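Examining the three-dimensional arrangement
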Amino acid sequence: MSEKERKDLREAETGTAADMDAVMRKYDRESATRIWEGWPKRIVQAISVLFSLYCVWSTLWSTADLPIRLTAFLGMIIVMGYLNYPARKGHVVPNSMPWYDLIIMTLGAGSFFYYCLNYKNLVMVITSAAKIDPSNPDAVSGAWFYILLGVVGILCLAELCRRCVGLPILFVVGALLIYTFASGQSLPRVIYTLFFGTSGVMATPIQVCAKFIAVFIIFGAFLERTGISNFFIDLANCAAGSSSGGPAKVAVISSALCGMVSGSSVGNTVTTGSVTIPMMKKTGYKGEFAAAVEAAASTGGQIMPPIMGAAAFLMAEYMGTSYANVALKAILPALLYFTGIFLAVHLEAKRLGLEGIPRNQLPKFKLLIRSIYLLLPLVVLVVMVSTGARTLQFSAAIAIVLTILVSLPNIFLDSRNQHGEGFAVHAAKDLGAMISNSLEAGGRGCITVAVACSMAGIVAGCITVTGLASKLVSAVVNVSRMIPNEALAMFIALFLTMLCCIVLGMGVPTTANYCIMASTCAPILITLGIGKIPAHFFVFYFGIVADITPPVALAAYAGSAIAKSNPMKTGVNATKLAIAAFIVPYIFAFNPAMLLVDTNAIQVGQIVVTSLVGLFGVAAALNGTLFRKMNPVFRLLLAAGGLCMMFPDTLTDLVGLAVVCGVCLFEYLSARKTRA
């Protein structure tokens, strides 16, 4: 089958682009944007392009003071945010922006731009404004202007957060603000801390966002336009398309690769799922299972090294270690995650007796290898960052330039096929359009992340100014003292942290998700005695799996819309498929050897082998079929044995191995006897 025939088949099976856009608008807040047409559209696009260019320039060459750069960054974010996100999802009237949105946008952006332009003169005034002397009328009147400035800026950011991120994090911010005022903090002091200081809106999350995340989001926008997603899907088809239940295995591999660079579980589910879900249903998988496979794999792409949705670079910054170290430690947990999904898919295919895709319908590997050059920007980026040859932001800028270069062959080839002679002029226009569209998409992609990071900074600021972190730790310690078993007390603390991460991570893009978790939840675990590296990996994993955990499982719901399946059943299936993501973090929290901390090669080999066998036991238990339909008692035994083998300890490994092997042998002999 030719490439054109495969493309036509995909379009026929997956529906129109409008259908996919409708799914994105429903389940992905980042896609529920205003509709601009004509010259207003060109103006909005130009603002996004200029913002992206500013981000690249600022991260590479700007020498302005940090508050000046951050306030300019946030002022532009507010302008773009209100130009793109309406007050309600259903607002789809073209070229329409209510008067109140214009007022909010002007006030919000104006507060940050005023701070930016008057920073030098404000430093001393702001400091004194935090300590109002009621006996001095001039000081009071002067201070209230800056208090009002801060209140307006924070409220406008909060409203934009409601529109493009969602309510969960706002509930947390609101509760913490109430607690902050109830603890005796004055309004001037709170505004000084949260708006003008470096412990609130302009804390570490937004600093990291402006310095690193923005340029990586822009790089991702360029990378998407090279056709690398199609390359990943074709590569997965070559690797696993012809095996039993091939389309589902293709979904696992391609979504892991695409999700690694996309930075959005929901967006990746819709993008790759529009191709893989219909293929899985056509093969014989039920809609709920097909959508769950895509959602679980797309979500897992965010923990897939070396990119991890750009979170790997942030984790290195937060944990004070090298990027190469973070990527290395993420390998084993990611391997277990995707192996678990792959095993579940294979067992389901065997249970249903499904076959793979005929080889004559799969892309040829020899033809596919010609597109291997598309990986060059990723390879160069990883090498430059891991070797420390250049800074993160400079490496990303180089990768953007390489992405433009690797897109040239396809642009010139398509232009020559369409226009014949004189194609060079058209190719130049297409190249310019690609660069412009990438910069525009990159600028838009920064909005949600920046807003979520600013809210994470407010959360961290409230915790700092009230000393809430130490109080929470003391409360957890006091509760743990009531529990005689130290391991059980730690498990309860981890379980409560897991619930917090899942709530805070609902619908938040990967990079912003991690910033929130690193600012709020990780410090508590570290204080409780969990190592810095396991603590950050723990909160990152559970923040990510919020996208497939009912009742708010946005990635699963987006997949169900494509598969036309029951959303809640899809979410439950996705949770079952991603069971490793709910087990592995507890394992490396208790024993960091799985993250290659304080271990050796022999221990790592033991962990890999035993964990993979354990995952097989858990997957078979959840599937319920192993050579034949299993008795519930044997399913429980198999699950228990698998869990024992996943815990890095020799005794539990031996017990689990005996149970798993014993059940497998019994089921094999029983099935053989039945067939005889």
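Only a predicted model underlies this, so the values are computations on that prediction, with no experimental measurement involved.

So, the overall build of the protein chain
If you tally the helices and strands in the protein chain, you get 31 helices and zero strands. Within the protein chain, the fraction of its 676 residues that count as buried is 54%. Across the protein chain, contacts joining residues at least 24 apart in sequence account for 78% of those joining residues at least 6 apart. By element, 66% of the accessible surface of the protein chain is carried by carbon and sulfur atoms, the whole surface being about 28,100 Å².

Quick notes on the nonpolar core
Nonpolar side chains in soluble globular proteins tend to end up buried together. Core analysis: the largest hydrophobic core is formed by 196 residues, its most contacted members being F73, F537 and F538. Looking at which element gives the most residues to this core, the answer is helix α20 (residues 423-466), with 17 residues. What F537 contacts, discounting residues up to four positions off in sequence, is M308, M315, M319, V326, K329, A330, F588 and L595. Counting eleven residues, the second largest nonpolar core, distinct from the first, contains L347, A621, L626 and V663.

Overview of the packing of aromatic side chains
Summed over all chains, the structure comprises 25 aromatic pairs. Seen from their ring centres, F537 and F588 are 6.3 Å apart, and the 75 degrees between their planes marks the pair as edge-to-face. In this pair, F537 sits in helix α25 (residues 532-544) while F588 sits in helix α28 (residues 579-590), placing the two residues 51 residues apart along the sequence. Given the relative accessible area of 0%, F537 is considered buried. Ring plane angle 85 degrees and centroid distance 5.5 Å describe the contact between F538 and Y586, whose orientation is recorded as edge-to-face. In this pair, F538 sits in helix α25 while Y586 sits in helix α28, placing the two residues 48 residues apart along the sequence. In textbook terms, an aromatic cluster arises when at least three aromatic residues are bridged by ring pairs, as seen for Y318, Y514, F537, F540, Y541 and F588.

Concerning helix α3 (residues 38-61)
Its 24 residues place the ends of α3 34 Å apart at the C-alpha level, agreeing with the 34 Å of an ideal helix rising 1.5 Å per residue. Residues of α3 that are buried in the fold lie against α4 (66-84), α10 (204-224), α19 (392-419) and α20.

A short note on a nonpolar patch on the surface
Where nonpolar side chains cluster on the molecular surface, the patch consists of L488, F491, I492, F495, L496, L499, F590 and F647 and spans about 650 Å² of accessible area. Take the nonpolar patch: its biggest share by element is six residues, from helix α22 (residues 486-504). Considering the arrangement of structural elements, one finds L496 in helix α22. We classify L496 as partly exposed; its relative accessible area is 46%.

What to know about the packing of helix α16 (residues 323-352) against α25
At a closest axis distance of 12 Å, the pairing of α16 and α25 adopts a crossing angle of 55 degrees. When the axes of α16 and α25 are compared, the pair comes out oblique. Between α16 and α25 lies a crossing of right-handed hand. Across the interface between the two elements, N325, V326, K329, A330, P333 and A334 from α16 touch I533, F537 and Y541 from α25.

Basis of the calculations
- Residues numbered from 1 in each chain as written.
- Predicted model: local features only at pLDDT ≥ 70, side-chain atom pairs only at ≥ 80, totals over all residues.
- Heavy atoms only, no water.
- Helix = DSSP H or I, 4+ residues; strand = E, 2+ residues; numbered from the N terminus.
- Buried < 20%, exposed > 50% of the residue type's maximum accessible area, 1.4 Å probe, protein only.
- Contact = heavy atoms within 4.5 Å.
- Areas by Shrake-Rupley, 256 points an atom, 1.4 Å probe, with all protein chains shown as cover.
- Core = buried A, V, L, I, M, F, W, Y, C linked by side-chain atoms within 4.5 Å.
- Phe/Tyr/Trp six-rings, centres within 6.5 Å; stacked < 30°, edge-to-face > 60°.
- Expected span 1.5 Å × (residues − 1).
- Patch = residues over 30% accessible without salt bridge, like charges linked within 9 Å, V, L, I, M, F, W, Y side chains within 5 Å.
- Salt bridge = Lys/Arg side-chain N within 4 Å of Asp/Glu carboxyl O.
- Axes fitted to C-alpha atoms, helices over the stretch in contact; angles between N-to-C directions.
- Parallel < 35°, antiparallel > 145°, perpendicular 65-115°, else oblique.
- Left-handed = near helix turned anticlockwise from the far one by under 90°.

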